[in-house]
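In case you want the letters, here they are:
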Amino acid sequence: MGVDPGLTRCGVGVVDGVAGRTPTLVEAGVIRTPSDADLGLRLLAIETGLEEWIGRHRPDVVAVERVFSQHNTMTVIGTAQAAGVALLVAARHRLPVRQHTPSEVKAAISGSGRADKAQIGVMVTRVLRLAEAPKPADAADAVALAVCQLWRGAGQARLEAAVAAGRRQRHRRGA
């Protein structure tokens, strides 16, 4: 499951598949909150929505876009708060969470870390063999996150396991 965090529109996308095969879109959409609502209520609405998505789809892993500094400080704060809710909900369900940078997702889905939203929509449509891109763009971005995790996740998991095994081995030797 991919989560493109945002306070007004939190994109969510679920894909099914394994690395090396064409993934299948299960569902894509957004959790919407009114911009004039109290912040706490908006975060609660995102939490409730993510709980529903996880309950409905039972994902193996949750991929969340890594928040990075933007020009608009208020936007990045809201995005970070929504990302924190996604991390919390995943942890509550004991689901592993992987964070991917926007450029990493863009490179995975389009081959270019500088792809724009329209290109992401086109490539999600192509990769998943859809008639049209998931709408709105936040949903397509969440699907791209899920595909990125599907394609890159196995390699990341192997790397993390190897690093952990090396640490355990050094610890046993007293190094």
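Residues numbered from 1 in each chain as written. Predicted model: local features only at pLDDT ≥ 70, side-chain atom pairs only at ≥ 80, totals over all residues. Heavy atoms only, no water.

Caption draft 1: Just unusual backbone geometry, in detail. Here Lys-135 and Pro-136 are connected by a cis peptide whose omega angle stands at -10 degrees. Along the chain, Pro-136 turns up in the loop between helix 4 (117-128) and helix 5 (137-173). The phi angle at Arg-58 is positive, at roughly 50 degrees, despite the residue not being glycine. On the basis of relative accessible area, Arg-58 is assigned to the exposed category, the value being 62%. The phi angle at Arg-129 is positive, at roughly 55 degrees, despite the residue not being glycine. With respect to the helices, strands and loops of the structure, Arg-129 is situated in the loop between helix 4 and helix 5. (Helix = DSSP H or I, 4+ residues; strand = E, 2+ residues; numbered from the N terminus. Buried < 20%, exposed > 50% of the residue type's maximum accessible area, 1.4 Å probe, protein only.)

Caption draft 2: Representation of the packing of aromatic side chains. A complete count under the given rule lists zero aromatic pairs for this structure. Here the basic side chain of Arg-56 rests over the ring of Trp-53, its NZ or CZ set 5.0 Å away from the ring centre. (Phe/Tyr/Trp six-rings, centres within 6.5 Å; stacked < 30°, edge-to-face > 60°. Lys NZ or Arg CZ within 6 Å of the ring centre and 35° of its normal.)

Caption draft 3: Representation of the packing of helix 3 (residues 102-110) against helix 4. Two elements in contact, helix 3 and helix 4, have axes separated by 9 Å at closest approach and are oriented at 45 degrees. In terms of axis orientation, helix 3 runs oblique to helix 4. Here helix 3 runs over helix 4; the crossing is left-handed. Of helix 4, the residues touching helix 3 (which contributes Lys-106, Ile-109 and Ser-110) are Ile-120, Met-123, Val-124 and Val-127. (Axes fitted to C-alpha atoms, helices over the stretch in contact; angles between N-to-C directions. Parallel < 35°, antiparallel > 145°, perpendicular 65-115°, else oblique. Left-handed = near helix turned anticlockwise from the far one by under 90°. Contact = heavy atoms within 4.5 Å.)

Caption draft 4: Representation of the state of the cysteines in the model. As enumerated under the stated definition, the model contains zero disulfides in all. The cysteine Cys-10 is free of any disulfide, with Cys-148 supplying the nearest cysteine sulfur at 17 Å. A residue is classified by how much of its surface remains accessible, and Cys-10, at 0% relative accessible area, is buried. (Disulfide = S-S within 2.5 Å.)

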